[in-house]
Amino acid sequence: MARPATRAAGDAPALLSIGQVLARLSPEFPDLSSSKLRFLEERGLVSPSRTASGYRKFSPADVERLRAVLAMQRDHYLPLKVIKKYFADLDAGLDPAFPGTAPAGSILAGARRLRRDELLREAGADLELLQDAVSASLVPAADVYGEEALTVLRALAELRRSGIEPRHLRGFRAAAEREIGLIETALVPIARRNDVSSKARTAELAREIAAQLDVVRGSIIRSSIARLRP
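The paragraphs below set out a description of the structure included in this document.

What counts, and at which threshold
- Residues numbered from 1 in each chain as written.
- Predicted model: local features only at pLDDT ≥ 70, side-chain atom pairs only at ≥ 80, totals over all residues.
- Heavy atoms only, no water.
- Axes fitted to C-alpha atoms, helices over the stretch in contact; angles between N-to-C directions.
- Helix = DSSP H or I, 4+ residues; strand = E, 2+ residues; numbered from the N terminus.
- Parallel < 35°, antiparallel > 145°, perpendicular 65-115°, else oblique.
- Left-handed = near helix turned anticlockwise from the far one by under 90°.
- Contact = heavy atoms within 4.5 Å.
- Nonpolar A, V, L, I, M, F, W, Y, C, P; charged D, E, K, R; others polar.
- Buried < 20%, exposed > 50% of the residue type's maximum accessible area, 1.4 Å probe, protein only.
- Phe/Tyr/Trp six-rings, centres within 6.5 Å; stacked < 30°, edge-to-face > 60°.
- Salt bridge = Lys/Arg side-chain N within 4 Å of Asp/Glu carboxyl O.
- Core = buried A, V, L, I, M, F, W, Y, C linked by side-chain atoms within 4.5 Å.

Here we take up the packing of helix H3 (residues 60-76) against helix H4 (residues 80-91). Any two packed helices are characterised by how steeply their axes cross, that is the angle between the axes, and by the distance between the axes. Remark: H3 packs on H4, axes separated minimally by 10 Å, with the N-to-C direction vectors making an angle of 140°. Comparing their axes, H4 and H3 come out oblique. The element H3 and its partner H4 pack so that their crossing is right-handed. For the pair H3 and H4, the contacting residues are Arg65, Ala68, Val69, Met72 and Gln73 in the first and Leu80, Ile83, Tyr86, Phe87 and Asp91 in the second. Among the residues forming the contact of H3 with H4, the class breakdown is seven nonpolar, one polar and two charged.

Following this line, the structure appears as structure tokens:
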């Protein structure tokens, strides 16, 4: 996080209106809106001061905190609960590890942009494996791929060494669609609301539910593996 500019003794930091904050951050975060800023305030990620008439005023530190929160959401797909805990630890004088990206295989993996040849090289895979993965609906058909496709293709390359081919995993797509159905059903009550922060709430709740589904899925797999031990 950037260090505040040095100012003369007695000078107060310049406070910004919500519109000025949007003007500063929107070039980096084009989807940012005033409702999103209010939502982040409601969730305790930032605490702007208020004028006597109730208008929000953001300090330079508030703006830097918002920039960091938005970057962690965009670049690492972290739920706000995780981000809030991280900053709460920082504010308490602790030295928490940066949450980083979601675990390999997580449905919350982050986003890079890779050409097909870059994808195959970094994944240690050949074109045949990629084509099989696309046929099994495990990787989308595209000319440019994201980090999630790289993570999946790396895993498929390792699984192939154990005799597990993409065609054996077709059921994973059906399971994922069932999970999406669960998330969509859970979001219906919020999506129907007309308040200004409903869109931001819907997106964040989707991330949180997805993270919890990751936890449950991982636990089931680990428990099953434990039963395979001799």
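So much for the structure itself; the text now carries on.
Let's shift gears to the side chain of aspartate 89. Turning to its location among the elements, aspartate 89 is positioned in helix H4. What makes aspartate 89 buried here is its relative accessible area of 16%.

Applying the stated criterion across every chain, the model contains two aromatic pairs. Ring geometry for tyrosine 86 versus phenylalanine 87: centroids 5.3 Å apart, planes at 70°, classification edge-to-face. The exposure classification of tyrosine 86 matches that of phenylalanine 87, with both residues buried. Relative to phenylalanine 98, the ring of tyrosine 86 has its centre 5.6 Å away and its plane inclined at 85°; by these criteria the two rings are edge-to-face. With tyrosine 86 in helix H4 and phenylalanine 98 in the loop between H4 and strand E3 (114-115), this residue pair connects regions lying 12 residues apart in the sequence. For tyrosine 86, a relative accessible area of 14% puts it in the buried group. The exposure class assigned to phenylalanine 98 is partly exposed, which follows from its relative accessible area of 41%. Of the aromatic side chains, those joined through ring pairs into one cluster are Tyr86, Phe87 and Phe98.

This part covers the pattern of salt bridges. Working definition: two side chains of opposite charge can pair if their charged atoms are close together. In this structure the tally under the stated criterion is 16 salt bridges. When salt bridges that share partners are traced, they join Asp126, Asp132, Arg160 and Glu165 into one network.

Next up on the list: the nonpolar core. Val21, Leu25, Leu40, Leu66 and Ile83 are the most contacted members of the largest nonpolar core, which totals 23 residues. Elements with a minimum of two residues in this core: helix H1 (18-25), helix H2 (34-42), H3 and H4. Apart from residues no more than four positions distant in its own chain, leucine 25 is found in contact with Leu32, Val63, Leu66, Arg67 and Leu70. In terms of nonpolar packing, the next biggest core, distinct from the first, is built from 18 residues, Ala125, Tyr145, Leu150 and Ala157 among them.

Take the environment of leucine 70 next. One can find leucine 70 in helix H3. For leucine 70, a relative accessible area of 7% gives the class buried. Measuring from C-alpha to C-alpha, the distance between leucine 70 and isoleucine 83 comes to 9.7 Å, with 13 residues separating the pair along the chain.

The phi dihedral of serine 137 is positive, around 60°, even though this residue is not glycine. By secondary structure assignment, the location of serine 137 is in the loop between helix H6 (127-135) and strand E4 (144-145).

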